[in-house]
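Listed below are the residues making up each chain.
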Amino acid sequence: MTKMSFSINKICNNCHYGRSRLILLLSFIILISGCSSSKNMTLFYTGNYNGIIEGCNCPKEPEGNILNHVTFYEDSISHLQNSIYICTGNLFSYNYGDRQNRIVLEIIESLGYDYIAAGRNETGFYGKLDKDLVASFNVNDVPDHKIFPRKGLTLAVTSITDPSYSKYVSGSGISEIPIEKLEYLVDSLKQEADVFIVVSNLESSLEKKIFNRIKAIDIMISNTNTKNEMIRFGKRLYLSHGGSAEQIGRLDISKTEDGIEFKNVFEKITSAKFSEDAELKIYTDSLKLKYGIDKPEQSPDY
């Protein structure tokens, strides 16, 4: 073999090697692109703060409060691109006239919610909340549902509020629940959503009746069940994070060739793991002074 033919073969081999590397690189890029466009999203859900802004350091009291949930949102949710975060209800305290509720109204945005369900303690506050956040099937003057299109998946969400809550605040706007109308809404929205979620603020027997009858409900999240649980009914889910804000549910939703798949875990929120947001603590302390909840200490000379 001549020196020239050897050089030409070497060049061709190098070209072949280069093309192979290029093909391998392109295949890797396509694979990565396929993974990045996979149809997955994560739903976070919690509720039942009952107006508790900060911990009381009481050994018998739950640790979940607004200030350490803000830390959880900033650390664990805010950076995610394909997620939805919902409050299942009872963000406010039991007493509508509680001055602490004024503070809650001023700091809701810090929690980062995409959706707030109408619970018992939201009665009287529906009109004061951002209309882009609230939706309920049976509360007047708010949207009856919300649609969340995400990359590859679309969620439809509504909440149902127990009509008995209307006794707590006059002019609450809570109506009765015509199950046939709810069934029609769910069936029609399933045409544009991969997953339909109903957040329940209902008493147990009515909650079960609705979930058992309306098979198009993919997920029911109960805000009135005090247990922390997940129950599968075939391909459907019944979820409850419990009676306090100690638990945040994380539901990973995937769309595959076989249908929709769910994986649920609960994250316990404690002050040891998620300390209260320091800057927001200073701000809420100033709001307490503003609304006369805390009075500044006076000099002994007064």
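Residues numbered from 1 in each chain as written. Predicted model: local features only at pLDDT ≥ 70, side-chain atom pairs only at ≥ 80, totals over all residues. Heavy atoms only, no water.

## Some thoughts on the confidence of the model for the chain
The predicted model of the chain averages 86 in pLDDT, with 84% of residues at 70 or higher. Ranking the elements of the chain by mean pLDDT puts helix α1 (residues 3-36) last, at 45, and strand β7 (residues 219-222) first, at 98. Under a pLDDT of 50 for its full length, residues 2-8 has, in the predicted model, one contact with residues more than four places off or in other chains. Every residue in residues 297-302 scores below 50 in pLDDT, and together they form zero contacts with partners more than four places removed in sequence or on other chains. (pLDDT = per-residue confidence, 0-100. Helix = DSSP H or I, 4+ residues; strand = E, 2+ residues; numbered from the N terminus. Contact = heavy atoms within 4.5 Å.)

## Overview of the sheet that holds β7
Spatial strand order, β4-β5-β6-β7-β9-β8: six strands in an open sheet with mixed pairing. What marks the edges here is a single partner per strand, and that holds for β4 (146-150) and β8 (228-233). Each strand axis lies, on average, 20 degrees off the axis of its neighbour in the sheet, ignoring direction. The sheet contact formed by strand β6 (residues 195-201) and β7 spans four bridges and is parallel. By the bridge assignment, V199 is partnered in β7 with I221. (Pairing = 2+ DSSP bridges. Axes fitted to C-alpha atoms, helices over the stretch in contact; angles between N-to-C directions.)

## With respect to the pattern of salt bridges
Tallying each qualifying case throughout the model produces 10 salt bridges. K288 serves as the salt-bridge partner of E54, at 2.0 Å between the closest nitrogen and oxygen. Here the residue E54 occupies a position in the loop between β1 (40-46) and α2 (66-77), and K288 occupies one in helix α6 (residues 278-290), the gap between them amounting to 234 residues. Two residues, D285 and K281, come together in a salt bridge whose shortest N-O distance is 2.9 Å. Placement of both D285 and K281 in helix α6 is noted, with a separation of four residues, approximately one turn of the helix. (Salt bridge = Lys/Arg side-chain N within 4 Å of Asp/Glu carboxyl O.)

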